[in-house]
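Each chain, letter by letter, is given below.
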Amino acid sequence: MRVLFLGDVVAHAGRSALRAFVPDLIRSENLTFVIANGENAVNGKGIDEKGAQDFFEAGVDLITSGNHIWDKKEVADFFAKDRRLIRPANYPHCEEFPTPGEGFAVLEKGKSKLAVLNLMGRVHMDALDCPFAVGNDLITRFLAEDIRCIFVDFHAEASSEKQAFAHYVAGRVSAVVGTHTHVQTADERLLQDDTGAKTAYITDAGMTGPYDSVIGMVKEKSIKRFLTKTPQRYEPADKQIGLHGVIVEIDDETGDAISIRRVQKFLN
Ligand SMILES: [Fe+2]
Ligand SMILES: [Fe+2]
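A brief report on the enclosed structure follows. (Residues numbered from 1 in each chain as written. Chains lettered and ligands numbered in written order. Predicted model: local features only at pLDDT ≥ 70, side-chain atom pairs only at ≥ 80, totals over all residues. Heavy atoms only, no water.)

It is worth spelling out the coordination of the iron ion (ligand 2) at this point. With distances of 2.1 to 2.2 Å, the protein atoms coordinating the iron ion (ligand 2) are Glu 39 (OE), Asn 67 (OD1), His 155 (NE2) and His 180 (ND1). Every donor counted, the four donor atoms about the iron ion (ligand 2) form angles of 87 to 140 degrees at the centre, which fits irregular coordination. When the donor residues of the iron ion (ligand 2) are listed from N- to C-terminus, their spacing reads E-x27-N-x87-H-x24-H. The distance between the iron ion (ligand 2) and the iron ion (ligand 1) is 3.5 Å, with Glu 39 acting as a donor to both metals. Remark: His 180 occurs in the loop between strand E7 (175–179) and strand E8 (189–192) and Asn 67 occurs in the loop between strand E3 (62–64) and helix H3 (75–81); sequence separation between them is 113 residues. (Donors = N, O, S within 2.8 Å, 3.2 Å for Na, K, Ca; no water. Tetrahedral: all angles 85-135°; square planar, octahedral: opposite > 155°, others 65-115°. Helix = DSSP H or I, 4+ residues; strand = E, 2+ residues; numbered from the N terminus.)

Right, here's the structure in full:
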């Protein structure tokens, strides 16, 4: 199977990049599945049903997320009715106040079956449950159910945490792709375990959104925030619209990664 994964889709600009590029990429790259991180999809903060619809219409099969997932309060209702949006799996498990949504989904198309797992790091981020332990439990479960193709969106700030997790699960999953920093790294590679099983890895898939910005935000607002150390209202930028992500090829039978390639496209 061939999977396109897109880094954090930011605001209207990011959603317009989906419409402009994803349908063509599905055809030209013979894609089996398209996954996109949508935590910043609406005005740069969170996602709602209408925003998610733009993803699905462009051909996205599943939306992953991260720390901004709760920014729109309507998201809880959307979680209740649509499994095509997931949130990090390592939110605390609480019987009394269950966290809305699920931390993974299983996609199926023809003979291809892919488990997608969303996790969030804890370095310079909220102290959720341990992503290594939660990830390990879920990966063990998928493998016990004979789901060999497993794709992980590890949403985290620290490259060390993303690399450590990727090495921890190398050979057991098909891909570990980082999100959250909105900057694509150039370290895509195949990791290997002792048996030779391969896992595709990149520290960050990058941003799908406005590049004439500070990680998607209007530059002047961001500069003012740093100069004055006062909070500034987030305002998404809208120029130099780009789509950044990776295409991962996976062996359907073994779950081994065959290749990982970065994708960068710009509208204007
Ligand atoms: Fe983000
Ligand atoms: Fe984030």
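We are not done yet, so read on.
Next up on the list: the coordination of the iron ion (ligand 1). Only Asp 8 (OD), Glu 39 (OE), Asn 40 (OD1) and His 182 (NE2) from the protein reach the iron ion (ligand 1) as donors, at distances of 2.0 to 2.2 Å. For the iron ion (ligand 1), the four donor atoms in the first shell make angles of 88 to 168 degrees at the metal, so the coordination geometry reads as irregular. In terms of primary sequence, the donors binding the iron ion (ligand 1) are separated according to D-x30-E-N-x141-H.

Moving on, we come to a positive patch on the surface. Judged by side-chain charge, Lys 45, Arg 225, Lys 229 and Arg 233 come together as a positively charged surface patch. Relative to the elements of secondary structure, Lys 229 occurs in the loop between helix H6 (219–228) and strand E11 (241–250). (Patch = residues over 30% accessible without salt bridge, like charges linked within 9 Å, V, L, I, M, F, W, Y side chains within 5 Å. Areas by Shrake-Rupley, 256 points an atom, 1.4 Å probe, with all protein chains shown as cover. Salt bridge = Lys/Arg side-chain N within 4 Å of Asp/Glu carboxyl O. Lys, Arg positive; Asp, Glu negative; His and termini not counted. Charge placed at Lys NZ, Arg CZ, Asp CG, Glu CD.)

In this section: the nonpolar core. Formed by 34 residues in total, the largest nonpolar core has its most connected members in Leu 4, Ile 47, Phe 55, Ile 63, Leu 85 and Leu 243. Those elements giving two or more residues to this core turn out to be strand E1 (2–6), helix H1 (11–28), strand E2 (33–37), helix H2 (49–58), H3 and E11. The element contributing the most residues to this core is H1, with six residues. Those residues in contact with Ile 47, other than ones at most four positions away along the chain, are Gly 38, Ala 41, Val 42, Ala 52, Phe 55, Ile 63, Ile 69, Lys 72, Val 75 and Leu 85. Ile 86, Val 177, Ala 200 and Ala 257 belong to the second largest nonpolar core, which has 23 residues in total. (Core = buried A, V, L, I, M, F, W, Y, C linked by side-chain atoms within 4.5 Å. Buried < 20%, exposed > 50% of the residue type's maximum accessible area, 1.4 Å probe, protein only. Contact = heavy atoms within 4.5 Å.)

With six of six residues buried, strand E6 (residues 150–155) lies mostly within the body of the structure. Because side chains alternate across E6, one face comprises the buried residues Ile 150, Val 152 and Phe 154, and the other comprises Phe 151, Asp 153 and His 155, equally buried. The pairing of strand E5 (residues 112–120) with E6 spans six bridges and is classified as parallel. Residue Leu 117 lies in a different strand from E6, and its bridge partner there is Val 152. Viewed along the sheet, the connection from E5 through helix H4 (residues 131–144) into E6 turns out right-handed. (Pairing = 2+ DSSP bridges. Right-handed = clockwise from strand over helix to strand, strands pointing away.)

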